[in-house]
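Spelled out from the first residue to the last, the chains are:
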Amino acid sequence: MNMQTMMKPVSAVTDDLARIEVLAGVSIVIPTYREAENIPLILNRIDQLRQLHNLTIEVLFMDDNSGDGSVEAVEAAGYDWARIIVRTQDRGLSQSVIDGFRNARYPVLVCMDCDLSHPVDVIPQMVLALATGQQFVLGSRYVPGGSTDDDWGIFRYLNSRVATWLARPLTRVKDPMSGFFALRRDDFLKADELNPVGYKVALELIVKCGFDNVAEVPIHFSDRALGESKLTLREQLKYIKHLRRLYIHKFSNAMYLLQFLVVGASGVVVNLATLSLLLMAGLPAAACLAGGIATSVVTNFLLNRRFTFSYARDRNIWKQFVGFVTVSSLGIAVNYGVALSVAGTALAQGRFGLHMSALAGIACGMLFNYLGNRYVIFRKTHMR
Ligand code: GDD
Ligand code: MN
């Protein structure tokens with residue numbers, strides 16, 4: 001988004017909008033839960049914008065069965081371009097937005113909150129950005145010119161920044177947490193397997209649609225007008241789940257390895273903890289070592305089955321366990337074999353030569369274990 005467009009007077013923006021025939025209409029999707037009192041306010045603002053720029057629009061409130069008079073509020077406003085869809089299944093902010101986009105009829109889709117946190121007058125700039133080749137436009141708090149209300153507590157601010165930072169490997173945009181954005185309906189319809197959980201529907205779309213051209217229009221994020229926020233801790237925890245899905249989508253094979261390594265690291269802890277416990281119980285060293293290894297093999301198996309290779313969870317656990325142990329035992333043999341042979345070469349000279357050999361053995365043993373599990377024991381079965 002260049003500054004020129006931003007600075008244009010209203011009439012010029014209106015002219016620009018009129019010229020863009022492909023973007024002949026805008027569907028504004030607003031997820032709602034208990035926003036009855038805000039509905040007339042936002043409709044009013046949108047109506048002003050509509051008249052100002054002569055826009056063809058529709059507004060879709062996607063309501064998770066609030067039962068607080070939201071339906072009546074939309075009806076009472078009496079705009080034929082506004083409707084409310086009451087959802088009774090699969091509740092959630094992201095799901096509502098996706099649902100709304102599927103029901104939208106115009107070529108440009110906009111999503112925004114109902115509580116007047118998002119400034120409607122930025123919508124024309126978003127539409128223009130789409131018309132000039134951007135694939136996705138975010139209303140952004142963290143680009144120059146953007147801001148949030150002062151009474152945002154330090155907790156909410158830090159929370160937002162940490163969440164943004166966790167999404168860095170997925171996208172470089174400054175405000176991927178924003179709930180105010182626009183995209184083309186065609187691009188949305190092309191996106192496959194959208195399954196967001198929680199609040200971050202923009203992040204879901206940027207990652208799953210693989211958008212490269214994402215523009216950020218600065219916005220001032222105001223405190224909600226009336227009512228209260230629904231962003232509970234429970235919703236926030238869903239973000240971790242959502243992130244995991246998106247990382248798997250984007251970095252599939254690397255993510256399997258990463259999860260496998262994290263489980264492996266947990267296995268080291270389990271092993272040593274068990275070992276200490278058995279030692280305290282007075283068992284002989286050989287038994288303690290064996291106990292540590294056995295316990296970590298079991299926890300590694302269970303964690304890999306639950307997380308790393310969760311797609312294969314519905315298959316027989318005992319068969320998988322036998323396979324896992326078989327493959328692991330080969331890994332230990334590989335480990336030992338590699339360590340022994342490295343120890344016999346010139347590499348193993350010097351003070352820590354034997355340690356280096358052992359490390360080489362561990363690395364090869366682990367790699368062997370990973371490949372064996374990923375491609376043999378926990379391989380993906382394909383649909384016939
Ligand atoms: N349909 C539906 N279902 N709508 C919901 C639900 C739900 O379960 N939960 C919340 N909403 C609606 C609200 O009614 C509101 O219109 C909008 O989604 C945003 O909810 P708020 O409760 O106002 O969220 P927030 O202000 O804490 O979070 C906003 O800012 C975040 C960035 O700080 C949202 O825009 C988030 O998407 C954004 O990440
Ligand atoms: Mn809000």
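Refer to the preceding data block for the structure.
Novice: Sorry, what's going on with the overall build of the protein here?
Specialist: Helix and strand counts for the protein come out as 14 helices and nine strands. In the protein, which comprises 384 residues, the proportion classed as buried is 44%. For the protein, contacts bridging at least 24 residues in sequence account for 76% of all contacts bridging at least 6. Split by element, the accessible area of the protein, about 20,200 Å² in all, is 60% carbon and sulfur.

Novice: For this particular structure, what's the right way to read the site of ligand 1?
Specialist: Around ligand 1, the surrounding shell holds 26 residues, and the nearest of these are Glu35, Asp64, Asp113, Met177 and Lys230. Here a nitrogen atom of ligand 1 sits 2.8 Å away from a polar atom, N or O, in the side chain of Ser96. Here an oxygen atom of ligand 1 and a side-chain polar atom of Ser229 are 2.9 Å apart. For ligand 1, whose free accessible area comes to 740 Å², the fraction covered by protein is 96%. Among the elements of the structure, strand E1 (26–32) and helix H5 (93–103) are those that each provide at least two residues to the shell around ligand 1. Split into classes, the residues belonging to the shell around ligand 1 amount to ten nonpolar, six polar and ten charged.

Novice: Before we go on, may I ask you to explain the packing of aromatic side chains in this structure?
Specialist: Aromatic ring pairs are described here by two measures, namely the spacing of the ring centres and the angle between the planes. For the coordinates displayed, the defined rule picks out 14 aromatic pairs. An aromatic cluster is defined as three or more aromatic residues linked by ring pairs; in this entry it consists of Tyr256, Phe260, Phe301, Phe309, Tyr311, Phe321, Phe324, Tyr370 and Phe378. Across the ring face of Phe221, the terminal group of Arg141 is positioned such that the distance to the ring centre comes to 5.3 Å. Over the ring of Tyr311 we find Lys380, and its NZ or CZ is 5.3 Å from the ring centre.

Novice: I tried to follow the pattern of salt bridges on my own but got confused; where do I start?
Specialist: Two side chains of opposite charge can pair, provided their charged atoms sit close to one another. On inspection of all chains with the given rule, the structure shows 13 salt bridges. Of the charged contacts in the structure, one is a salt bridge between Glu58 and Arg83, with a shortest N-O distance of 3.2 Å. Residue Glu58 is located in strand E2 (residues 57–63), and its partner Arg83 is located in strand E3 (residues 82–86); the two are separated by 25 residues in the primary sequence. Overall, the relative accessible area of 30% leaves Arg83 in the partly exposed class. Where Asp175 meets Arg141, a salt bridge forms, and the shortest distance between an N and an O atom there is 2.8 Å. Placement of the pair is Asp175 in the loop between helix H7 (154–166) and strand E7 (181–184) and Arg141 in the loop between strand E5 (136–140) and strand E6 (147–148), with a sequence separation of 34 residues.

Novice: I would appreciate a short explanation of a nonpolar patch on the surface in the present structure.
Specialist: Where nonpolar side chains cluster on the molecular surface, the patch consists of Ile154, Phe155, Tyr157 and Leu158 and spans about 460 Å² of accessible area. Of note, Tyr157 is situated in helix H7. When its relative accessible area of 33% is taken as the criterion, Tyr157 is described as partly exposed.

Novice: Explanation requested: the side chain of Asp187 in the structure shown.
Specialist: Along the chain, Asp187 turns up in helix H8 (residues 185–190). On the basis of relative accessible area, Asp187 is assigned to the buried category, the value being 13%. Separated by 3.2 Å, the side chains of Asp187 and Arg184 make a polar contact. When near neighbours in sequence (up to four residues on either side) are disregarded, Asp187 contacts Gln135, Cys209 and Phe211.

Novice: Quick question: what am I supposed to make of H7 here?
Specialist: Residues separated by three or four positions in an α-helix point in the same direction, a consequence of the helix having 3.6 residues per turn. Across its 13 residues, H7 extends 18 Å between first and last C-alpha, which sits within 8% of the 18 Å expected from 1.5 Å per residue. Those residues of H7 that sit buried are Ser160, Ala163 and Thr164. For H7, the arc enclosing every buried residue in end-on projection is 100°, short of the 170-degree limit, so these residues lie on one face. H7 presents Ile154, Phe155 and Trp165 as exposed residues on the side facing more than 90 degrees away from its buried surface. The inward-facing, buried residues of H7 abut helix H10 (233–250).

Novice: How should the sheet that holds E1 be read in this particular structure?
Specialist: Sheet strands associate in pairs through backbone hydrogen bonding, adopting either a parallel or an antiparallel arrangement. If you walk across this open sheet you meet the seven strands as E3-E2-E1-E4-E7-E5-E8, and the pairing is mixed. On the outer flanks of this sheet lie E3 and strand E8 (214–218), each paired with one strand and no other. Between one strand axis and the next, the sheet turns through 20° on average, direction left out of account. Taken together, the five bridges between E2 and E3 define a ladder with parallel strand orientation.

Novice: I keep staring at the nonpolar core and nothing clicks. Help me out?
Specialist: For soluble globular proteins, nonpolar side chains are generally found buried alongside one another. Counting residues in hydrophobic clusters, the biggest one holds 35 residues, and the most contacted among them are Ile28, Ile30, Ile46, Val59, Phe61 and Ile123. Among the elements of the structure, E1, helix H3 (39–53), E2, helix H4 (70–77), E3, strand E4 (108–111), helix H6 (123–131) and E8 are those that each provide at least two residues to this core. Apart from residues lying up to four places away in sequence, Ile123 is in contact with Ile28, Leu49, Val110, Met112 and Phe180.

Novice: Please clarify how the environment of Asp192 should be interpreted in this entry.
Specialist: Mapped onto the elements of the fold, Asp192 is located in the loop between H8 and helix H9 (201–208). Note on Asp192: relative accessible area 46%, which makes it partly exposed. Along the chain, Asp192 and Leu205 lie 13 residues apart, while their C-alpha atoms are 9.9 Å from each other.

Novice: Sorry, what's going on with the packing of H9 against H10 here?
Specialist: Pairs of packed helices are described in terms of their axes, by the angle between the two and the distance that separates them. Relative orientation of the contacting elements H9 and H10 amounts to 5°, with a least axis distance of 10 Å. Comparing the axis directions of H9 and H10 gives the class roughly parallel. Residues Leu203, Glu204, Val207 and Lys208 of H9 form the contact with H10, whose participating residues are Tyr239, His242, Leu243, Leu246 and His249. In the contact of H9 with H10, the residues fall into five nonpolar, two polar and two charged.

Reading guide: rules and limits
Residue indices begin from 1 for each chain and proceed along its sequence in written order. All chains are assigned letters beginning at A, and all ligands numbers beginning at 1, according to the order in which they are written. Reporting of local features is limited, given that this is a predicted model, to residues whose pLDDT is at least 70; pairs of side-chain atoms are given and counted only at 80 or more, and all residues count toward the totals for whole chains, interfaces and linings. To get the side-chain values, take all heavy atoms of the structure and skip hydrogens and water. Secondary structure elements are defined from DSSP: runs of H or I of at least 4 residues count as helices, runs of E of at least 2 residues count as strands, and each element is numbered from the N terminus. Only protein chains enter the accessibility calculation, which uses a 1.4 Å probe; a residue whose area is less than 20% of its type maximum is buried, one above 50% is exposed, and one in between is partly exposed. Any pair of residues with heavy atoms lying within 4.5 Å of one another is described as a contacting pair. Note on areas: these come from Shrake-Rupley sampling with a 1.4 Å probe, and a residue is covered only by the protein chains present in the view. One heavy atom within 4 Å of a molecule or strand makes the whole residue count as near it. Pairs of N or O atoms are called polar contacts if they sit within 3.5 Å, as long as, within protein, a hydrogen donor faces a hydrogen acceptor (for residues adjacent in sequence, only side-chain-to-side-chain pairs). Under the convention adopted here, Pro, Cys and the residues Ala, Val, Leu, Ile, Met, Phe, Trp and Tyr are nonpolar, Asp, Glu, Lys and Arg are charged, and Gly plus all remaining residues are polar. In summary, the pairing rule links any two rings of Phe, Tyr or Trp, Trp by its six-membered ring, whose centres are within 6.5 Å, and it sorts them by plane angle into stacked for under 30 degrees, edge-to-face for over 60 and tilted for everything else. For a Lys NZ or an Arg CZ to count as sitting over a ring, it must be within 6 Å of the ring centre and within 35 degrees of the ring normal. Salt-bridge detection follows one rule: a side-chain nitrogen of Lys or Arg within 4 Å of a carboxyl oxygen of Asp or Glu. A patch consists of residues exposed above 30% relative accessible area that lack any salt bridge, with like charges linked at up to 9 Å and nonpolar side chains (Val, Leu, Ile, Met, Phe, Trp, Tyr) linked at up to 5 Å. To estimate how far a helix should reach, multiply one less than its number of residues by 1.5 Å. Note that the arc is defined by the directions from the helix axis to the C-beta atoms. Two strands form a pair only when DSSP identifies at least two bridges running between them. Lines fitted to the C-alpha atoms define the axes, with helices restricted to the stretch that makes contact. Angles between their N-to-C directions range from 0 to 180 degrees. The set of buried Ala, Val, Leu, Ile, Met, Phe, Trp, Tyr and Cys residues whose side-chain atoms join them within 4.5 Å is what this entry labels a nonpolar core. Each angle receives one of four descriptions, namely roughly parallel if under 35 degrees, roughly antiparallel if over 145, roughly perpendicular if within 65 to 115, and oblique otherwise.

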